[in-house]
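Reading the structure
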Amino acid sequence: DGGITQSPKYLFRKEGQNVTLSCEQNLNHDAMYWYRQDPGQGLRLIYYSQIVNDFQKGDIAEGYSVSREKKESFPLTVTSAQKNPTAFYLCASSYGLVRSGNIQYFGAGTRLSVL
Amino acid sequence: KQEVTQIPAALSVPEGENLVLNCSFTDSAIYNLQWFRQDPGKGLTSLLLIQSSQREQTSGRLNASLDKSSGRSTLYIAASQPGDSATYLCAVSGSSGSARQLTFGSGTQLTVLP
C-alpha cells in the first residue's frame, strides 16, 4: 500500500532529552512537511523540504531540527530547546509545492507528551 | 500575514440535514484552497481542492465554493450522516511570502446525531 508512515504513534519525552519522530513515504513525492497541531487549533508548519538534502524553516522551527538524506524519509528531532513540545505532530508529502495545486497527503500522526 | 478563520468551532445536527461550514481568509492572493477532514487522533484526508481560478468543486455529497475577492469559502454537505462526524479544516496556499505552505484554520468539529 502506498502512503505515509509515522512512528511511533505515541512518544514520551523526559526533560532535557532529544527525541526523533520518523516519517517515511513510498509515494515518490518530492516535497515533505512537518506540522504541529495543538488542541482546538489548526496546523502550524515546522519545516518543509522540496528535495533531498534541502529543507526550509516554517513558522515555528525553533527547537526542532530535520534532515532529508533520502527522498522517502524526513525525520523530525524535537530538541531540549523546545520548551513546550506536547502536541500532535503530522507529517505530509506532495508531488510538488502546494502553490502548484498539489494535494498534501498526511500520515496518521505522532502524539508527543512530556513526562 | 495570512489568517484563516472557521466558524462555527463546533456544530451538531440531526442526521439527514444539509449543512454549511464556513471559512474566511484575510489575504485574497491565494493559489488554492483545500478542505480536509480529520477524525479524532488521526491525520488529515483531503476532501476538495479549489484552484484560485475556480468557483466550486464537487465530490459526492460535498460541494465547496470559493469567493476569492471576499475571502470566503463554504463547504456544503448534503444529507448528512453519522459517518460525517469529524473535524473539518480549510487551508489556503498563499501567492506571496510563504507561498510554499498551507495556512490552516482551527477547524469546525461536526457531530451528526443519528
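Preceding this section is the structure that the text describes.
The structure reproduced in this document is the subject of the present report. (Residues numbered from 1 in each chain as written. Chains lettered and ligands numbered in written order. Predicted model: local features only at pLDDT ≥ 70, side-chain atom pairs only at ≥ 80, totals over all residues. Heavy atoms only, no water.)

Some thoughts on the interface of chain B and chain A
Facing the 21 residues of chain B at the interface are 25 residues of chain A. Buried surface at the junction of chain B and chain A, both sides included, amounts to about 1,800 Å², of which 56% is carbon and sulfur. Linking chain B to chain A there are zero salt bridges. Those elements that place two or more of their residues in the side of chain B that touches chain A are strand 4 (30–38), strand 5 (44–51), strand 9 (86–94) and strand 10 (102–104) of chain B. Here the side of chain B that touches chain A gets five residues from one element, more than from any other, and that element is strand 4 of chain B. When its residues are assigned to classes, the side of chain B that touches chain A shows eight nonpolar, eleven polar and two charged. (Contact = heavy atoms within 4.5 Å. Buried area = accessible area lost by both parts, 1.4 Å probe. Salt bridge = Lys/Arg side-chain N within 4 Å of Asp/Glu carboxyl O. Helix = DSSP H or I, 4+ residues; strand = E, 2+ residues; numbered from the N terminus. Nonpolar A, V, L, I, M, F, W, Y, C, P; charged D, E, K, R; others polar.)

Description of the sheet that holds strand 7 (residues 62–67) of chain B
All names here are of chain B. One open sheet holds the five strands; their spatial order is 1-3-8-7-6, and the pairing between them is antiparallel. Each of the sheet's edge strands pairs with one partner strand only, and the pair in question is strand 1 (4–7) and strand 6 (56–59). Adjacent strand axes in the sheet meet at a mean angle of 15°, parallel and antiparallel pairs treated alike. Bridge analysis of strand 7 against strand 8 (residues 72–77) gives six bridges, and the strand direction is antiparallel. Along strand 8, the bridge assignment pairs N63 with Y76. (Pairing = 2+ DSSP bridges. Axes fitted to C-alpha atoms, helices over the stretch in contact; angles between N-to-C directions.)

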